[in-house]
Amino acid sequence: MSTENPKDTEDGKHPYETDDSFHPMGEQWEESMREELEDTDYDADLGMEMAKDAQRLVAGELSEEEFYAEYHDDVKEEFEADERPIFDDLEGVDLDDFEDESLLESLADVDLSADDVSRRDMMNKMGAAGLFLGYSAFATYDNGNDEEVPQLVDGVRPADADEREHRWGMTIDLDRCDGCLACVSGCINENGTSTGANWMYIFTYEDEHSESENPNQLVRPCQHCSNAPCAKVCPVRARHVRGKDGLVLTNYETCIGCRYCQVACPYGVNYFQWGDPDVEMDRLEHANHTPDELREMDFEERKDVLQDANDHVYDERGWWTDSRPPIGTMGKCTMCPSRQDEHTDNPKGTVACQDACDAQGMSAIHFGDLDAEVGDDYDRAVRYLEERQAKSDTEDRTNKFDANIFFSSDAEADSDTEKAANAPDLSGISTGYYSLNLVQRDGAGSEWGVYDTEEVLVADTMLSENGDFANSSIGSFGSIPSSDLQVLNTNGEQIPASLVYDGDLGDGETLDVTASLQLAGTELASQQVTIQAAGTSTDVTFTVPASAISDEGANLLYLVVEANGESGAAAHEEVYVTSGDLNVETPGTPYDSVIGQEGELLNVPAIAYQSEPPGVEAEISYPSSGEGEKQVGLVLYDGEAETVVAQTTFFFGDEYTSNTAWDSGLSSFKLLEDLGTSPNITYIGNEPSPKAEQVPEDEAPVAYADIDNQWGVNVLDKRMERLQYGATVPEGVTPGEGEGGH
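Residues numbered from 1 in each chain as written. Predicted model: local features only at pLDDT ≥ 70, side-chain atom pairs only at ≥ 80, totals over all residues. Heavy atoms only, no water.

**Some details on the pattern of salt bridges**
Side chains that differ in charge, positive against negative, can pair when their charged atoms come close.
Moving on, step 1. Tallied over the entire structure, the rule returns 26 salt bridges.
Moving on, step 2. The partner of Glu64 in a salt bridge is Arg157, and the shortest N-O contact between them spans 2.6 Å. Within this pair, whereas Glu64 is found in helix 3 (residues 64-79), its partner Arg157 is found in the loop between helix 6 (136-140) and strand 2 (168-173), the two being separated by 93 residues in sequence.
Moving on, step 3. Taking relative accessible area as the criterion, Glu64 reaches 10% and is therefore assigned buried.
Moving on, step 4. On the basis of relative accessibility, which here comes to 26%, the residue Arg157 falls in the partly exposed class.
Moving on, step 5. We note a salt bridge from Asp315 to Arg242, for which the minimum N-O separation is 3.5 Å. Placement of the pair is Asp315 in the loop between helix 11 (299-308) and strand 8 (330-331) and Arg242 in the loop between strand 5 (239-241) and strand 6 (248-250), with a sequence separation of 73 residues.
Moving on, step 6. Residue classification places Arg242 among the buried residues on the basis of a relative accessible area of 2%. (Salt bridge = Lys/Arg side-chain N within 4 Å of Asp/Glu carboxyl O. Helix = DSSP H or I, 4+ residues; strand = E, 2+ residues; numbered from the N terminus. Buried < 20%, exposed > 50% of the residue type's maximum accessible area, 1.4 Å probe, protein only.)

Below you can see the structure in the form of structure tokens.
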């Protein structure tokens, strides 16, 4: 899933950028990434800024031209060259827009006929002109190595559909995963990854909305994005998208460990190899040749050598892209390129995690060519998806929170699944304690059903505040169980309060103030107080006589302070005036629950002022019975009478029923959504809901530390907090259906 209108964000931000963080995984993750960059010898600020703009780029906020031009000089200065994958497939680039020497002048300084001309030398001499010419000029020059030249333009994105061989990806059925971690172990066996580097990762979570018979699991490999931001930021072109099949790979031979790709990735799937790998190179199955030796061979000779060696390290280009990375470089899920290049005794079109899952009898992971049609070679992923989707069309559906209704005077709806309605009308409502009910009915005259209920105190007008005493408070003097109300008994009370003066007092100065308690415009008690020092608490106890308290019911008790010629409320407290005991009955709801749907009230204030009606948000799931028009409203109930204070009509349409796991369809979980990245993973099944929380490792079906692997590597669960990213959509953002619908 991608955002509907990424270019409509404010100030050119990425759609998921907030004031606290640009990274989709949040502020804490972004801070940890900065700390990792600062541990390198490279510019951390440059890496963070490039990562932010790379995510804006894939979201459509920046063009390729703007992005590469913006950072070319900085990258060249920091890394001595800018060898990022650039502009080979772009048209309409105007070189005159750039201040560097002209293209012809740049080319005049480059001896393209020299046998030893290198890309680095050429790009250094050509500057921005070479940047916008791209590698195509160098690629078209016959330098005596025709086979290698086309590889130099690899890396931006997969080739066009009619030119690429495959588009490798997965369909993952979350309903079939039982958390056995066989896929994690299988990946380690295949790749020899080190402690803590879990290329395949399983989140076990609990979810009140789940109907799965198995424990809830979320399977998370690298998404192998067709439009990968990690490839946009790599200064030495080690991280790249392989053109022939879309695999996102790292050339370990050229990776310098700057970790810019780790920050740019929206999904948190990269791992830096800090020390020597746990599995030595000579224990891996690979050809006894260096990458340079392999690249000197012609294609057929190289393929024969790699097949004979049952090689699990080099791809068909002779690039070291498979198995675990060496020290100081980046590693992540590779989708087993040596298998896809037919160098191993494992079949093409398979991956180690899928084999392990099949052997366990779960078959939750389905790898294959996403360009294939059912019946073609390597069609397992698309065939499983088609079969599963066809099955889901015949099943009863449960539904995800999909309709958003904003009861507010200034709300604006910006999609067909949102509705702006007037704020609650409290003009005819008496002050008191109510239940606020989110209700729905078929039409006028039919019975309301309730989704959710919140308790709220209706008051008339908030007293003006005394800002110099804003940190003051009213103490505890008796409460109602399960409510925010305190009880004010008509027999009289001793009520504590604390005054805190935030203004200025000179040395030795004091301040005389008048402090009082007021209820419904009536002063209950008052006394003179001397403030001895600013910023400290002055405790006061008010004696409220029975004669001062009259009307029973709920209201606001104010602590009012008069000082320096100004009077205003320093604090307030919700109270229930009663002559009875402390167990005052609070309002319930007079309605039965809505059948077949779920709903929730959001952002309900504890106090609703008649003079300034509050904005309230509601989320309601689409009905399982199909499309239809419903009346949705807010009702106040005081235990005896009910009053509709807001009402609107919402049309639930079949076309807007969410295509999610809760409909037995595709997942839209935000941790794995398409942010313009075009992931090549499709999820089906029991996705986490907005209420999902990851469980501690000791509550998961199988602990990471308990799984075996052929290398004897310790396995650690190090990313527990990451489930929380995206469980709810950031405020003001509306996800929409993007390319691929992942």
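**So, the sheet that holds strand 15 (residues 486-489)**
Moving on, step 1. Strand order in the open sheet made by the 5 strands is 15-21-20-17-18, with mixed pairing throughout. For this open sheet the edge positions go to strand 15 and strand 18 (522-531), each flanked by a neighbour on one side alone. Across this sheet, the average inter-strand angle for adjacent strands is 35°, counted without regard to direction.
Moving on, step 2. Where strand 17 (residues 511-519) and strand 18 come together, 9 bridges link them in antiparallel fashion. Looking across to strand 18, one finds that Ser516 is bridged to Ser526. (Pairing = 2+ DSSP bridges. Axes fitted to C-alpha atoms, helices over the stretch in contact; angles between N-to-C directions.)

**A few points about the pairing of strand 25 (residues 616-621)**
Moving on, step 1. Most of strand 25 is tucked away: 6 of the 6 residues are buried.
Moving on, step 2. Here strand 25 shows a buried face lined by Val616, Ala618 and Ile620 and a second buried face lined by Glu617, Glu619 and Ser621.
Moving on, step 3. Bridge analysis of strand 23 (residues 599-602) against strand 25 gives 4 bridges, and the strand direction is antiparallel. Note that in strand 25 the partner of Leu601 across the bridge is Ala618.

**Digging into helix 1 (residues 27-38)**
Moving on, step 1. Taking 1.5 Å per residue, 12 residues should reach 16 Å; helix 1 reaches 17 Å between its end C-alpha atoms and fits that length.
Moving on, step 2. Burial in helix 1 covers these residues: Trp29, Glu30, Met33 and Leu37. Along the long axis of helix 1, the arc covered by the buried residues comes to 100°, so they all point the same way. The exposed set on the far side of helix 1, more than 90 degrees from its buried face, consists of Gln28 and Glu35.
Moving on, step 3. Close packing links the buried residues of helix 1 with helix 2 (44-58) and helix 9 (260-264). (Expected span 1.5 Å × (residues − 1). Arc of directions from axis to C-beta. Contact = heavy atoms within 4.5 Å.)

**Points about the packing of aromatic side chains**
Moving on, step 1. Applying the stated rule across the entire model yields 12 aromatic pairs.
Moving on, step 2. Judged by centre distance (5.2 Å) and plane angle (75°), the ring pair of Phe67 and Tyr68 falls under edge-to-face.
Moving on, step 3. According to the relative accessible area criterion, Phe67 is buried, its value standing at 1%.
Moving on, step 4. Residue Tyr68 is classed as buried on the basis of its relative accessible area of 1%.
Moving on, step 5. Consider the rings of Phe79 and Tyr260, whose centres lie 5.6 Å apart with planes at 85°: the pair is edge-to-face. With a gap of 181 residues between them, Phe79 in helix 3 and Tyr260 in helix 9 connect regions that are remote in the sequence. Of the two residues, Phe79 and Tyr260, both sit in the buried class.
Moving on, step 6. Put simply, the rings of Tyr42, Phe79 and Tyr260 touch in pairs and so form one group of aromatic residues.
Moving on, step 7. The aromatic ring of Phe272 is capped on one face by Arg259, whose charged end is 3.7 Å from the ring centroid.
Moving on, step 8. The aromatic ring of Trp319 is capped on one face by Arg317, whose charged end is 3.9 Å from the ring centroid. (Phe/Tyr/Trp six-rings, centres within 6.5 Å; stacked < 30°, edge-to-face > 60°. Lys NZ or Arg CZ within 6 Å of the ring centre and 35° of its normal.)

**Details of helix 2**
Moving on, step 1. Between its first and last C-alpha, helix 2 extends 21 Å over 15 residues, near the 21 Å set by a 1.5 Å rise per residue.
Moving on, step 2. In terms of burial, helix 2 is largely enclosed, as 12 of its 15 residues are buried.
Moving on, step 3. Listed in full, the buried residues belonging to helix 2 are Ala44, Leu46, Gly47, Met48, Met50, Ala51, Asp53, Ala54, Gln55, Arg56, Leu57 and Val58.
Moving on, step 4. Where helix 2 is buried, its residues meet helix 1, helix 3, helix 8 (229-233) and helix 9.
Moving on, step 5. Two or three places before Asp45, at the start of helix 2, stands the capping residue Asp43, its side-chain oxygen 3.0 Å from that residue's backbone nitrogen.
Moving on, step 6. At the exit of helix 2 stands Gly60, carrying a positive phi of roughly 95°. (Polar contact = N/O pair within 3.5 Å; in protein donor to acceptor, adjacent residues only side chain to side chain.)

**Points about the sheet that holds strand 28 (residues 681-684)**
Moving on, step 1. Taken in spatial order, the 3 strands of this open sheet run 9-2-28, and their pairing is mixed. Looking along the sheet, the strands with just one partner apiece sit at the ends: strand 9 (365-369) and strand 28. When strand polarity is set aside, the average angle formed by the axes of neighbouring strands in this sheet is 20°.
Moving on, step 2. Sheet contacts for helix 13 (residues 352-359): strand 2 and strand 9; angle to strand 9, the most-contacted strand, approximately 140°.

**Things to note about the nonpolar core**
Moving on, step 1. Counting residues in each nonpolar core, the largest one holds 68 residues, and the members touching the most others are Met170, Val184, Met200, Ile202 and Met335.
Moving on, step 2. Setting aside its immediate chain neighbours within four residues, Val184 contacts Met200, Ile202, Tyr704, Ile707 and Val715.
Moving on, step 3. In this structure, Ala497, Ala515, Ile531 and Ala570 belong to the second largest nonpolar core, which totals 29 residues. (Core = buried A, V, L, I, M, F, W, Y, C linked by side-chain atoms within 4.5 Å.)

**Concerning the confidence of the model for the chain**
Moving on, step 1. Per-residue confidence for the chain gives a mean pLDDT of 81, with 77% of residues at or over 70.
Moving on, step 2. Within the chain, no element has a lower average pLDDT than strand 1 (residues 2-3), which sits at 26, and none a higher one than helix 12 (residues 337-340), at 98.
Moving on, step 3. In this model residues 87-153 is a low-confidence stretch, pLDDT under 50, and it forms 103 contacts with partners more than four residues away in sequence or in other chains.
Moving on, step 4. In the model, residues 724-742 has pLDDT below 50 throughout and makes 55 contacts with residues more than four positions away in sequence or in other chains. (pLDDT = per-residue confidence, 0-100.)

**Points about the packing of helix 2 against helix 3**
Moving on, step 1. Two numbers describe how helix 2 lies on helix 3: the axes approach to 11 Å, and their chain directions differ by 165°. With respect to helix 3, the axis of helix 2 lies roughly antiparallel. Helix 2 and helix 3 meet at a crossing whose hand is left-handed. On the side of helix 2, the interface is formed by Leu46, Glu49, Met50, Asp53, Ala54 and Leu57, while helix 3 contributes Glu64, Phe67, Tyr71, Asp74, Val75, Glu78 and Phe79.
Moving on, step 2. Considering only residue class, the contact of helix 2 with helix 3 consists of 8 nonpolar, no polar and 5 charged. (Parallel < 35°, antiparallel > 145°, perpendicular 65-115°, else oblique. Left-handed = near helix turned anticlockwise from the far one by under 90°. Nonpolar A, V, L, I, M, F, W, Y, C, P; charged D, E, K, R; others polar.)

**Notes on the pairing of strand 27 (residues 642-652)**
Moving on, step 1. Bridging between strand 26 (residues 628-637) and strand 27 involves 10 bridges; their strand directions are antiparallel. The residue bridging Val632 from the neighbouring strand is Thr648, located in strand 27.
Moving on, step 2. Between strand 26 and strand 27, which pair antiparallel in sequence order, lie 4 residues; one of them, Gly639, sits at a positive phi of approximately 100°.

**Re the state of the cysteines**
Moving on, step 1. Within this structure, the stated rule accounts for 0 disulfides.
Moving on, step 2. Not engaged in a disulfide, the cysteine Cys258 finds its nearest cysteine sulfur in Cys234; these two sulfurs lie 5.9 Å apart.
Moving on, step 3. A relative accessible area of 7% places Cys258 in the buried class.
Moving on, step 4. No disulfide involves Cys357; its sulfur sits 6.4 Å from the nearest other cysteine sulfur, which is in Cys180.
Moving on, step 5. Classification of Cys357 as buried rests on a relative accessible area of 8%. (Disulfide = S-S within 2.5 Å.)

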